[in-house]
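Coordinate analysis (summary)
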Amino acid sequence: VTITTRLLVSHLSGIRHYEKDITKVKEEKEKANRALKLTKSHQDKEQKAKEGKGENTDCVKQKKEHDCETKSRNSKPGRNDKEFEQEEYYLKEKFESVIESLKIFKNDPLFFKPGSQFLYSTYGFTLLSAVVERASGQKFTDYMLKMFRDLDMLSTVLDDNEAMIYNRARCYIYNKKGRLVNAPYVDNSYKWAGGGFLSSVGDLLKFGNALLYSYQTGQFKNSNGKLLPGYLKPSTVAMMWTPVPKTEVSWDRDGKYAMAWAVVEKNQQYGCCRQQRHYASHTGGAVGASSVLLILPEELDPEVAGTWPVAPPRGVIVTIICNMQSVSLNSTALKIAREFDKEKRAQ
């Protein structure tokens, strides 16, 4: 078989994640699909019943969101997250290079023919980091730190246990008894690309703005040369944010996976009904920490976009980092983004 970098970056390579047993992976997928079907069926029945009683659908929606938020606040994050039961999350071995860390999975069979199915794989990104290392002729970590410096992300560093990192947060988890405890010690050198960097909300906002600027700068034609080029070409970001067939996204069922980003496309099927806005996001989950970065581009008027001094980036970027394991943050980030977007439209 052939595994390309495009397959790696869209999680279509067939390389395993932390679970080594493909039977268990299939069982979990089937359970998730059944649960989704049951949830949709229940929601449809509930909606019809409410409409039959003549209740205001907006009120029903608000009550439902309130109930969900209350349930979320009262639940203990991380207590039922099976993924973090995988032993390889807690590796303590230090690897001197990304090439060396490939030994963890390099002799394991592929779960499926590359390109045929989607399976989120941190190890796929470990292999991707090895590709970057060989193509650039530099250590992957050196290459990334130079890139972060170019992006002015000076607080983004390797999550190295030995290094003195000022203001590094302590991470927490809930144990089996539901008590808050310190997260266990792990060494992230086996997965730098898939979850081995520390950052700050300020740096992630810079990263999001750099991408959004690169994405939109090509639309501003009449800037009289006053706009600097973006860090990436507009076509490159557009390609990164184009949904890839056969992919899926666990944190937003409206979305598809693109190239290292989850993307929801603009869509509205009926007037005065549900509307999807185009946005790109990615969540992060590690031992004792959770995060999200969400980019909601402004829908630019072609006439306005072609004039100066209206300049990119135009849109809303939300990032949240918390030192708690297994906290779902994407829906919260999307609500925040929509509120800011609504306020901008009203101005």
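Conventions we followed
Residues numbered from 1 in each chain as written. Predicted model: local features only at pLDDT ≥ 70, side-chain atom pairs only at ≥ 80, totals over all residues. Heavy atoms only, no water. Helix = DSSP H or I, 4+ residues; strand = E, 2+ residues; numbered from the N terminus. Contact = heavy atoms within 4.5 Å. Pairing = 2+ DSSP bridges. Axes fitted to C-alpha atoms, helices over the stretch in contact; angles between N-to-C directions. Phe/Tyr/Trp six-rings, centres within 6.5 Å; stacked < 30°, edge-to-face > 60°. Buried < 20%, exposed > 50% of the residue type's maximum accessible area, 1.4 Å probe, protein only. Arc of directions from axis to C-beta. pLDDT = per-residue confidence, 0-100. Salt bridge = Lys/Arg side-chain N within 4 Å of Asp/Glu carboxyl O. 1 Å grid on protein atoms, 1.4 Å probe; cavity = no way out; pocket = protein on both sides within 12 Å on 5 of 7 lines; lining within 4 Å. Points joined across faces, edges and corners; volume = space filled by probe spheres on them. Nonpolar A, V, L, I, M, F, W, Y, C, P; charged D, E, K, R; others polar.

Let us now look at the environment of Asp 252. With respect to the helices and strands, the residue Asp 252 is situated in the loop between α9 (234-240) and β5 (256-257). With 78 residues separating them along the chain, Asp 252 and Asn 330 place their C-alpha atoms 7.8 Å apart. Apart from the residues within four sequence positions on either side, Asp 252 is in contact with Val 264, Tyr 279, Asn 330 and Leu 334.

The next thing to look at is the sheet that holds strand β8 (residues 289-297). If you trace the five strands from one edge of the open sheet to the other, you get β5-β6-β7-β8-β9, paired in antiparallel fashion. A strand with exactly one partner marks an edge of an open sheet, and here the two such strands are β5 and β9 (315-322). Running over the sheet, helix α8 (residues 201-216) touches β8 and β9 and is turned about 150° from β9. Packed onto the sheet, helix α11 (residues 330-346) meets β7 (279-286), β8 and β9 and runs at close to 150° relative to β9.

Moving on to the packing of aromatic side chains. Scanning the entire structure with this criterion turns up 11 aromatic pairs. An aromatic cluster of at least three residues, connected via ring pairs, comprises Tyr 18, Phe 84, Tyr 89, Tyr 90, Phe 105, Tyr 123 and Tyr 190.

With that out of the way, let us pick up helix α6 (residues 140-150). Residues of α6 that are buried include every one of Phe 140, Thr 141, Met 144 and Phe 148, and no others. Along α6, the residues classed as buried sweep out an arc of 95° about the axis, all on the same side. Among the structural elements, α4 (98-101), α5 (122-136), β1 (157-158), α7 (192-195) and β4 (197-198) are those in contact with the buried residues of α6. Looking at the residues trailing α6, positive phi occurs at Asp 152, about 65°.

This part is about the confidence of the model for the protein chain. This prediction gives the protein chain a mean pLDDT of 87; 83% of its residues lie at or above 70. Here helix α3 (residues 57-74) stands out as the element of the protein chain with the lowest mean pLDDT, 44, in contrast to helix α1 (residues 5-9), whose mean of 98 is the highest.

In this section: the pattern of salt bridges. Scanning all chains against the criterion turns up 15 salt bridges. For the salt bridge of Asp 152 with Lys 206, the shortest nitrogen-to-oxygen distance reads 3.1 Å. Residue Asp 152 is found in the loop between α6 and β1, and its partner Lys 206 is found in helix α8; the two are separated by 54 residues along the sequence. The exposure class of Asp 152 is partly exposed, given its relative accessible area of 38%. Its relative accessible area of 35% is what places Lys 206 among the partly exposed residues. Salt bridges here are not isolated pairs; linked through shared partners, they connect Arg 16, Lys 20, Glu 88 and Asp 108.

Mapped onto the fold, Thr 126 is located in helix α5. According to the relative accessible area criterion, Thr 126 is buried, its value standing at 2%. What Thr 126 contacts, discounting residues up to four positions off in sequence, is Val 98, Ser 101, Leu 102, Phe 105, Tyr 190 and Lys 191.

As a further point, take the pairing of β7. The pairing of strand β6 (residues 262-264) with β7 spans three bridges and is antiparallel. Within β7, the position partnered with Val 264 by the bridge is Tyr 279. Two strands pair when backbone bridges link them, and β7 and β8 are joined in this way by seven bridges, in the antiparallel orientation. Bridge assignment links Ala 286 to a residue of β8, and that residue is Ala 289. Remark: two residues form the turn of the hairpin made by β7 and β8, two consecutive strands paired antiparallel; Gly 288 in that turn has positive phi of roughly 85°.

Empty pockets left among the atoms are what a rolling probe the size of a water molecule brings to light. Summed over all chains, the structure comprises one cavity of 30 Å³ or more. Its volume calculated, the largest cavity comes out at about 30 Å³. Around the largest cavity sit Val 249, Trp 251, Asp 252, Gly 255, Lys 256, Ala 262, Val 263, Val 264, Tyr 279 and Ser 281, which together line it. Going through the elements one at a time, β6 and β7 are the ones with two or more residues in the lining of the largest cavity. Of all the elements, β6 adds the most residues to the lining of the largest cavity, at three residues. For the lining of the largest cavity, a count of residues per class yields six nonpolar, two polar and two charged.

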